[in-house]
Amino acid sequence: MKLVVLTGAGISAESGVSTFRDPDGVWMKMDPMKLATPEAFAADPALVHGFYNARRAQLREVEPNAAHRALAQLERKLGNDFMLVTQNVDDLHERGGSRDVVHMHGQLQQAWCRSCDTRISWDEDLSTGTECPNCGSAGRLRPDIVWFGEMPYRMDEILGALDTCDMFVAIGTSGAVYPAAGFVEIAANAGAETLELNLQPSEGTRLFDDFRHGPATGIVPAFVDEILAR
Ligand code: BV8
């Protein structure tokens, strides 16, 4: 069985990472257009660096949870028949044991030099004066995050997997951001069974064949046990 899993902020919520659109979510307190667009970065790079520096630093305070670990178990069992796509920019899937994670919206712990086009692992703060360790340019590094209006990463691979999978599962995502929100329809049109695992019905619940609602640390390990028993 070929399985594609898409995760969103809800899978990391019980680890202590804020979601975006829940009542106390990041975008309920801050305007994404001022923080997560190329235009915002051009207008006020120090503000944008500060926002991502705080979120990068927060990763040191959090740990993966049972849902991240369960998906790693599924990867070990299904091997190449499994694709894990995440909208999350944290590293909790990797720390939970997943080896191959498609970070379609980039990663907090990676910087991208707009001078030499190199991507570099980055654990520290970035500032408007930070020098690129590869080419030496100052002030040309940005967080390697896909902002609104930019093309998400590895779309060809993702679309290829959606076209050939037997099952598509969306976990902890509101279905508010495209193109990820459209994956369920692509998979369904290709004949896959579709399942939503979320705390509560998402904006797109009606697009799924089936759904289970509850905290990810409960419903994801239960789902993985079911698949492993098949
Ligand atoms: C693109 C930066 C072209 C990273 C993020 C009008 C109509 C349609 C589309 C558009 C439109 N105007 C503009 C667009 C396109 C736009 C878009 O979709 N906008 C929306 C807002 C309308 N998209 C883009 O610009 C994308 N690029 O389209 O390029 C293109 C063309 C063709 C083909 C391909 C591409 C780029 C999108 C990148 C956005 N980057 N942020 C960062 O700073 O982190 S978006 C942001 O939302 C996050 O990064 C996250 O990745 C994404 C999705 O959010 P979720 O993960 O779903 O989180 P959310 O809080 O919303 O939901 C959490 C869910 O978890 C809830 O349902 C909750 O109930 C649940 N939950 C909570 N606790 C738990 C739980 N579930 C289980 N257990 C729990 N304990």
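Predicted, not measured: the structure shown is a model, and the values here were computed from it.

Draft legend 1. Looking closely at the site of the ligand. Taken together, 36 residues form the shell around the ligand, and within it Phe20, Arg21, Glu150, Ser174 and Tyr178 come nearest. Taking Arg21, its side chain carries an N or O atom lying 2.7 Å from an oxygen atom of the ligand. At the level of elements, helix 1 (10–13) and helix 5 (45–58) are the ones that each hand at least two residues to the shell around the ligand. Split by residue class, the shell around the ligand holds 19 nonpolar, 12 polar and five charged.

Draft legend 2. Geometry of a negative patch on the surface. Taken together, the side chains of Asp81, Asp166, Glu193 and Asp209 define an acidic patch exposed on the protein surface. Here Asp166 is to be found in the loop between helix 8 (155–164) and strand 7 (167–171).

Draft legend 3. Layout of the packing of helix 6 (residues 66–78) against helix 10 (residues 216–229). Between helix 6 and helix 10, the shortest axis-to-axis distance is 8 Å and the interhelical angle comes to 15°. Classified by the angle between their axes, helix 6 and helix 10 sit roughly parallel to one another. Viewed along their axes, helix 6 and helix 10 form a crossing whose handedness is left-handed. On helix 10, the residues that touch Ala66, Ala67, Ala70, Leu71, Gln73, Leu74 and Lys77 of helix 6 are Ala216, Thr217, Val220, Pro221, Phe223, Val224, Ile227 and Leu228. Among the residues forming the contact of helix 6 with helix 10, the class breakdown is 12 nonpolar, two polar and one charged.

Draft legend 4. Local environment of the pattern of salt bridges. All chains considered together, the criterion is met by eight salt bridges. In this structure, Glu157 engages Arg154 in a salt bridge whose closest nitrogen and oxygen atoms are separated by 2.9 Å. The structure contains a network of salt bridges with shared partners spanning Glu63, Asp91 and Arg95.

Criteria and cut-off values
Residues numbered from 1 in each chain as written. Predicted model: local features only at pLDDT ≥ 70, side-chain atom pairs only at ≥ 80, totals over all residues. Heavy atoms only, no water. Near = heavy atom within 4 Å. Polar contact = N/O pair within 3.5 Å; in protein donor to acceptor, adjacent residues only side chain to side chain. Helix = DSSP H or I, 4+ residues; strand = E, 2+ residues; numbered from the N terminus. Nonpolar A, V, L, I, M, F, W, Y, C, P; charged D, E, K, R; others polar. Patch = residues over 30% accessible without salt bridge, like charges linked within 9 Å, V, L, I, M, F, W, Y side chains within 5 Å. Areas by Shrake-Rupley, 256 points an atom, 1.4 Å probe, with all protein chains shown as cover. Salt bridge = Lys/Arg side-chain N within 4 Å of Asp/Glu carboxyl O. Lys, Arg positive; Asp, Glu negative; His and termini not counted. Charge placed at Lys NZ, Arg CZ, Asp CG, Glu CD. Axes fitted to C-alpha atoms, helices over the stretch in contact; angles between N-to-C directions. Parallel < 35°, antiparallel > 145°, perpendicular 65-115°, else oblique. Left-handed = near helix turned anticlockwise from the far one by under 90°. Contact = heavy atoms within 4.5 Å.

Without other data, these values stay purely geometric and don't point to any function.
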